[in-house]
Structure formats: C-alpha cells, structure tokens
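Breakdown of the fold
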Amino acid sequence: MLPVALVLFLAALRFNVLAELSRRIVCSFSCAIKVPAPIPSLHRALRGTASNAARRGLMRNLSQTPFEFAAAVDSPNLAPAVREFTQIYAHARFGGAPCDTTRLRHLLDQIRAALRAR
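It should be emphasised that the depicted structure is a prediction, and the values quoted were computed from it without experimental measurement.

What follows covers the side chain of Gln64. Along the chain, Gln64 turns up in the loop between helix H3 (40-55) and helix H4 (66-72). For Gln64, a relative accessible area of 16% corresponds to the buried category. Within the structure, the side chain of Gln64 is placed 3.0 Å from the backbone nitrogen of Asn61, a separation counted as a polar contact. Setting aside residues up to four positions removed in sequence, Gln64 forms contacts with Met59, Phe69 and Ala72.

Put into structure tokens, the structure is as follows:
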C-alpha cells in the first residue's frame, strides 16, 4: 500500500495537482469574503467624467497612480472632491471597504460642476 501511495504522491507533485488544489482552496476563501466592486453605472460615469476632465486640460499621466493624480490637482474648488472621491473609491474597489455610492455620486456631481466652471 505504501509504494502505491508514494507513486500517487510523486505523480501529483509532477503534474502540480497539489499546487492547483491549494490555489483553488485559497481562491475559494478569498473570493468568498471579497467585497464586490461599485456598481457598473458608477464606472461608466467615472469614465465619462475623466474624458470630460481631459478635454479641459486635466489629464492623468499613465505613470501616475490615482492618488498621485488626485494630489496633483491644484484647483481649490476641484481638489478636495477629487481627493475624497479617489480615497473612497480606491478603498471600496481594492481595499474591501464598504462602498458609499451615494457619497461617490455626490462627489462626482461636484467634480463635474467644478469642471464646467473651468
């Protein structure tokens, strides 16, 4: 019995069965506790606002993180809303914090109004 178990164990090691099994177990636990991303309509609104900002000269460089971009916004009526939006969105999207979509929509409206005033 021991030689058969040893052969099966070596075959499992050779074909990465144990690694795949452990990856699936870890993924099932991490996926079960993951907080879903903010609603898709918020993503669409954010993309639209980003393109609107780019047309008004406020564009994020590809090398900038969202936080670096938010810190680089220097307009006094735009910067606080951009920084708060970035903070809430990033924590909800990537940090697992609860997403306050009402607050995000309010901040997005403030950003749009500030962009129109530019």
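Once you've had a look at it, read on.
With 18 residues, the main nonpolar core has Leu58, Val73, Leu78, Val82, Phe85, Ile111 and Leu115 as its most contacted residues. Listed by contribution, the elements that provide at least two residues to this core are H3, H4, helix H5 (79-94) and helix H6 (101-117). No other element matches H6, which puts six residues into this core. Other than its neighbours up to four places away in sequence, Leu115 contacts Thr49, Asn52, Ala53, Arg56, Leu58 and Leu78.

Moving on, we come to the confidence of the model for the protein chain. Looking at the protein chain, the pLDDT average stands at 78 and 81% of residues meet or exceed 70. Here residues 32-36 scores under 50 on pLDDT; set against residues more than four positions off or in separate chains, the count is two contacts.

Let's shift gears to the pattern of salt bridges. Tallied over the entire structure, the rule returns two salt bridges. Residue Arg103 is joined to Glu84 by a salt bridge in which the shortest nitrogen-to-oxygen separation is 2.8 Å. Within this pair, whereas Arg103 is found in helix H6, its partner Glu84 is found in helix H5, the two being separated by 19 residues in sequence. Residue Arg103 is classed as partly exposed on the basis of its relative accessible area of 27%. Its relative accessible area of 29% is what places Glu84 among the partly exposed residues. Between Asp109 and Arg112 there is a salt bridge, with its nearest N and O atoms 3.7 Å apart. Residue Asp109 and its partner Arg112 are both found in helix H6; the two are separated by three residues, about one turn of the helix.

Rules behind the numbers
Residues numbered from 1 in each chain as written. Predicted model: local features only at pLDDT ≥ 70, side-chain atom pairs only at ≥ 80, totals over all residues. Heavy atoms only, no water. Helix = DSSP H or I, 4+ residues; strand = E, 2+ residues; numbered from the N terminus. Buried < 20%, exposed > 50% of the residue type's maximum accessible area, 1.4 Å probe, protein only. Polar contact = N/O pair within 3.5 Å; in protein donor to acceptor, adjacent residues only side chain to side chain. Contact = heavy atoms within 4.5 Å. Core = buried A, V, L, I, M, F, W, Y, C linked by side-chain atoms within 4.5 Å. pLDDT = per-residue confidence, 0-100. Salt bridge = Lys/Arg side-chain N within 4 Å of Asp/Glu carboxyl O.

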